[in-house]
Amino acid sequence: MPIYSYTCEQCGAEFDKLVLSASRLREVVCPVCGSERVERRPALFGVGAKSSGGTSTSAGCAPAGGG
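Conventions and cut-offs
- By convention here, each chain's residues receive numbers from 1 onward along its written sequence.
- Residues qualify for local features only when their pLDDT is at least 70, as the model is predicted, and side-chain atom pairs are given and counted only at 80 or more; totals for whole chains, interfaces and linings, by contrast, use all residues.
- Side-chain measures were taken over the full set of non-hydrogen atoms in the model, leaving aside hydrogen atoms and water.
- Numbered from the N terminus, helices here are DSSP runs of H or I no shorter than four residues, and strands are runs of E no shorter than two.
- Think of it in three bands: with a 1.4 Å probe and only protein chains considered, a residue is buried below 20% of the maximum accessible area for its type, exposed above 50%, and partly exposed in between.
- Working rule for contacts: check all heavy atoms of both residues, and any pair within 4.5 Å makes them a contact.
- For accessible areas, the Shrake-Rupley method is used with a probe of radius 1.4 Å. Any residue's cover is judged against the shown protein chains and nothing else.
- Under this definition, polar contacts are N or O atom pairs within 3.5 Å; protein pairs additionally need one hydrogen-donor-capable and one acceptor-capable atom, and for neighbouring residues in sequence, both atoms have to be side-chain atoms.
- Patch rule: a residue counts if its relative accessible area is over 30% and it has no salt bridge; like charges are joined within 9 Å, and nonpolar side chains (Val, Leu, Ile, Met, Phe, Trp, Tyr) within 5 Å.
- Salt bridge, as used here, is a side-chain nitrogen of Lys or Arg placed within 4 Å of a carboxyl oxygen of Asp or Glu.
- When DSSP finds at least two bridges between two strands, those strands are taken to pair.
- Note on geometry: axes are C-alpha line fits, over the in-contact stretch for helices, and angles between N-to-C directions span 0 to 180 degrees.
- Residues grouped as a nonpolar core are buried Ala, Val, Leu, Ile, Met, Phe, Trp, Tyr and Cys residues, joined through side-chain atoms within 4.5 Å.

## Thoughts on the overall build of the protein
Next up, step 1: Across its full length, the protein holds 0 helices and 3 strands.
Next up, step 2: In sequence order, the protein lays out its α and β elements as β-β-β.
Next up, step 3: Scored against the burial criterion, the 67 residues of the protein give a buried share of 15%.
Next up, step 4: In the protein, the proportion of contacts linking residues at least 24 apart, taken out of those at least 6 apart, comes to 35%.
Next up, step 5: Entry remark: accessible area of the protein is about 5,600 Å², with carbon and sulfur atoms responsible for 53%.

## Observations concerning the side chain of Ser35
Next up, step 1: Considering the arrangement of structural elements, one finds Ser35 in the loop between β2 (14-18) and β3 (38-41).
Next up, step 2: One polar contact links Ser35 to Gln10, side chain to side chain, over a distance of 3.3 Å.
Next up, step 3: Contact partners of Ser35, with chain neighbours within four places excluded, come to Cys8, Gln10, Val28, Val29 and Cys30.

## Here we look at a nonpolar patch on the surface
Next up, step 1: A cluster of nonpolar residues, Ile3, Leu18 and Leu20, forms a patch on the protein surface that exposes about 290 Å² of accessible area.
Next up, step 2: Mapped onto the elements, Ile3 comes out in strand β1 (residues 3-8).

## Considering the sheet that holds β2
Next up, step 1: Taking strand neighbours across the sheet as the criterion, the 3 strands line up as β2-β1-β3 in an open arrangement whose pairing is antiparallel. Edge positions in the open sheet fall to β2 and β3, since each of these has one partner strand only. On average, adjacent strands in this sheet sit at an angle of 40° to one another, irrespective of strand direction.

## Let's talk about the nonpolar core
Next up, step 1: Residues Tyr6, Cys8, Ala13, Phe15, Val19, Val28, Cys30 and Val38 constitute the largest nonpolar core, which totals 8 residues.
Next up, step 2: Excluding residues that lie within four positions of it along the chain, Val28 makes contacts with Tyr6, Phe15, Lys17, Val19, Ser35, Glu36 and Val38.

So, in structure tokens, the structure goes:
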């Protein structure tokens, strides 16, 4: 179930919406003003910067040593 980002063309509000199916994309309304004139924006989650060194210097999700 994807989360889409939207901008209202009437009031300019930006919001995210969980859309259960593609057929529901047409039913999105602005939560601020109620307008149906909304534009889907590209989602920015999952986009990261490319590291310059090619290797990670952090331990990531691995637990810290010791015990």
